[in-house]
Amino acid sequence: MNLFKSALSQLKLLRVSFLFFLIFSVFFISSVLGQGFAPKVDYATGVFPFSVFASDLDGDVDLDLVTANLFSDSVSILKNNGDGTFAAKVDYATGTVPYSVFAADLDGDGDFDLAVANLGSNTVSVLKNNGDGTFAPKVDYATGATPYSVFASDLDGDTDRDLAVANYDDNTVSVLKNNGDGTFAAKVDYPTGAWPISVFAADLDGDGDFDLAVANSDSYTVSVLKNNGDGTFAPKVDYATGVTPVSVFASDLDGDGDFDLATANLGDYSVSILKNNGDGTFVAKNDFAAVRAWAVFAADLDGDADNDLVLPNEWGPNVSVFMNNGDGTFVPSVSYPTGDAPVSVFAADLDGDTDNDLAVANSSSNTVSILKNLTPMPKIISITDVGNDQGKQVRIRWKTTSVGDTLVKKYDIFRRIDGSTSLTINGAVSLNSPLPADWEQVATFSAYGDTLYNGIVPTLVDSTVSGGLKWSVFFVRAATNSPVVFYDSPIDSGYSLDNLVPAPPANLQATGTAIIASLHWSPVTDEDFDFYYIYRDTVSGFSLSPAKRVKATSDTLAFDTLSNPNKAYFYRVTAVDFSGNEGPPSNQDQLCTERAGDANGSGSAPNLTDIIYLVNYVFKGSIAPVPLCRGDANGGGGAPNLTDIIYLVNYVFKGGLAPVKTGVCCL
């Protein structure tokens, strides 16, 4: 029996019975319309849309939609307004009875083109993107008989996208290799099971190339065709599925890093899970009850880093979401209303809030339903240092979904205890996930129905000039009224700085002897004070530099041994905090231990006895002044001589200029 013709007759029966299902849905909605997805918003498509795909078609970063319209021989383009709402459709002609559409960069120009499988004309149509989400007229390429499904992937390893097409009536999959410019070589066919209706390309055996999985609706199997590495394929290996598999999807369902398979089985309303052994062979199927579905799609719908399943329930009309337990087993479904006779679903972030929304093609109502994800999974936007503080804190900014925040009562901030960024929390700690042992809660903020939040939280340690950057690692947990239901952001990291320098020390005084300076000052009162730097120079008003540092001390009293007391010595002191921040300098003070002209060291103003002392030193070889600067009356430098005696005589007896202050002789 032809599956497609059977489907049409069943859809007619669906219309006759729709009133019953509508009544049932009213009751059903009240019990299942939960917190996962917002009520649908419908957008018109062409006639009988049977496939939907989300991709950035116009290059504006958000994801647009394309549907393949079975009975209008067209694809409909619905451009995203940037917020998950969509402009009115624009249609482009395809081959006859287009059943499946796939968007990929087929000609290597950076935008996404379209490939459409036309089951009525035995072709695949390629529509090249003009770069703005408009499309050139189709170019058709021959396929096998009755192509139901198309998938674009680099099958021969030359970096461009080739095409694989499942051909229903001749039990083959056609491979059309890309010439590199979006034109394609003639098909090469490979046998599959009976009535292949869906094809998916993925690296199933972990060897770096893309293999094929094909759902065979009449033999109740999925065929796996391993890639030889050049876009040719080994003979199929078949694995049993449920009754009448009509869709296959490859995804890592059990979290072990390889691609497992899920099939939607139309004949017994089930889903078959085939777990990968790691080498592209598969364990026996595990079936669970599902719905009457023409498609299955795997994506992370609840923000817990594993891939859930969503199926369009043709007789719902709704989509059923099966949440992954993390190991490739699934909890019973929750369903959400759609348009009439939903047959295709695509999960992607349509509104830019980081979670995956749903687009559903409704064949009977000629619409696509958009269901926005309400999962209030937070996402950290930035972690920045708090300015003008003494460190140990950062400001975290995060966002959540526009409507999902109503489910959250508070946001808890967790910090990794050891500051390591090498470990993650399962990519993103998730719904019902226990808190890893190496994390601690450091802050809590109330939720108040907004989409953007920020708060100041403590770090482990500050970054310093000497120690380098010290990262603290965080994640945000959105807590609901149920203690076992919460949503965690991916981890992010930031660092704090002490932005406040210590105050300058005050009341610096330099005293002492001609060879040892005694320095003392008033202490600074900064809480994060660490130590002082003492600077010395022989020039007044000197600038600070590391070369002029003579000592570091935590005390307010220090001593400095001098090598030449006949030089002038000027001092300044700075305070340094634990983060290495050095504050401004203290007042400058000059070391002055002796009086200029006081040659005999009596301590009194220069007089006749000092003149006699100098005469005896200069002419009779008596004891020199100590230090020599005491006898250097004219400030000429060097040892006292006759000119200093004359200078001192003029000062004492004739009222001449006072002795010049030099070196430490500056009292």
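None of these values were measured; they are calculated from a predicted model.

Criteria and thresholds
Residues numbered from 1 in each chain as written. Predicted model: local features only at pLDDT ≥ 70, side-chain atom pairs only at ≥ 80, totals over all residues. Heavy atoms only, no water. Helix = DSSP H or I, 4+ residues; strand = E, 2+ residues; numbered from the N terminus. Buried < 20%, exposed > 50% of the residue type's maximum accessible area, 1.4 Å probe, protein only. Contact = heavy atoms within 4.5 Å. Pairing = 2+ DSSP bridges. pLDDT = per-residue confidence, 0-100. Phe/Tyr/Trp six-rings, centres within 6.5 Å; stacked < 30°, edge-to-face > 60°. Expected span 1.5 Å × (residues − 1). Arc of directions from axis to C-beta.

### Side note on the side chain of Asn-265
Piece 1. Structurally, Asn-265 can be placed in strand β19 (residues 260-265).
Piece 2. Given a relative accessible area of 0%, Asn-265 falls into the buried group.
Piece 3. The residues touching Asn-265, leaving out its near neighbours within four places in the chain, are Thr-241, Gly-242, Val-243, Thr-244, Pro-245, Ser-270, Val-271 and Ser-272.

### Observations concerning the pairing of strand β24 (residues 318-322)
In the case of a regular strand, side chains alternate between the two sheet surfaces.
Piece 1. Most of β24 is tucked away, with 5 of its 5 residues classed as buried.
Piece 2. Two successive antiparallel strands, strand β23 (residues 308-313) and β24, enclose a turn made up of 4 residues.
Piece 3. Across 4 bridges, β24 lies against strand β25 (residues 334-337) in antiparallel orientation. Paired with Val-321 across the strands is Val-334, a residue of β25.

### Some details on the confidence of the model for the chain
Do not read the fine detail of predicted coordinates wherever pLDDT is low.
Piece 1. Of all residues in the chain, 91% have pLDDT values of 70 or greater, and the mean over the chain is 89.
Piece 2. This model gives residues 3-34 a pLDDT under 50, and the stretch forms 41 contacts once residues within four places in sequence are excluded.
Piece 3. Under a pLDDT of 50 for its full length, residues 421-434 has, in the predicted model, 42 contacts with residues more than four places off or in other chains.

### Some points on the packing of aromatic side chains
Piece 1. Going through the model one piece at a time under the given rule, you end up with 35 aromatic pairs.
Piece 2. Look at Phe-48 and Phe-71: their rings are 4.6 Å apart centre to centre, the planes differ by 25°, and that puts the pair in the stacked class. Taken as a pair, Phe-48 in the loop between β1 (41-44) and β2 (49-55) and Phe-71 in the loop between β3 (64-69) and β4 (74-78) lie far apart in primary sequence, 23 residues in all.
Piece 3. Among the residues examined, Phe-48 registers a relative accessible area of 3% and is labelled buried.
Piece 4. Given the relative accessible area of 44%, Phe-71 is considered partly exposed.
Piece 5. Through a chain of ring-to-ring contacts, the aromatic side chains of Phe-48, Phe-50, Phe-71, Tyr-99, Tyr-148, Tyr-168, Trp-195 and Trp-294 assemble into a single cluster.

### Re helix α4 (residues 642-654)
Piece 1. Here α4 contains 13 residues, and its C-alpha end-to-end distance of 17 Å stays within 8% of the 18 Å for a straight helix at 1.5 Å per residue.
Piece 2. What α4 keeps buried is the set Asp-644, Ile-645, Tyr-647 and Leu-648. The arc that holds the buried residues of α4, viewed along the axis, is 165°, so those residues lie on one side. Away from its buried face, by an angle of more than 90 degrees, α4 presents the exposed residues Phe-653 and Lys-654.
Piece 3. Elements in contact with the buried residues of α4: α3 (608-620).
Piece 4. Downstream of α4 by one or two residues, Gly-655 has phi in the positive range, about 70°.

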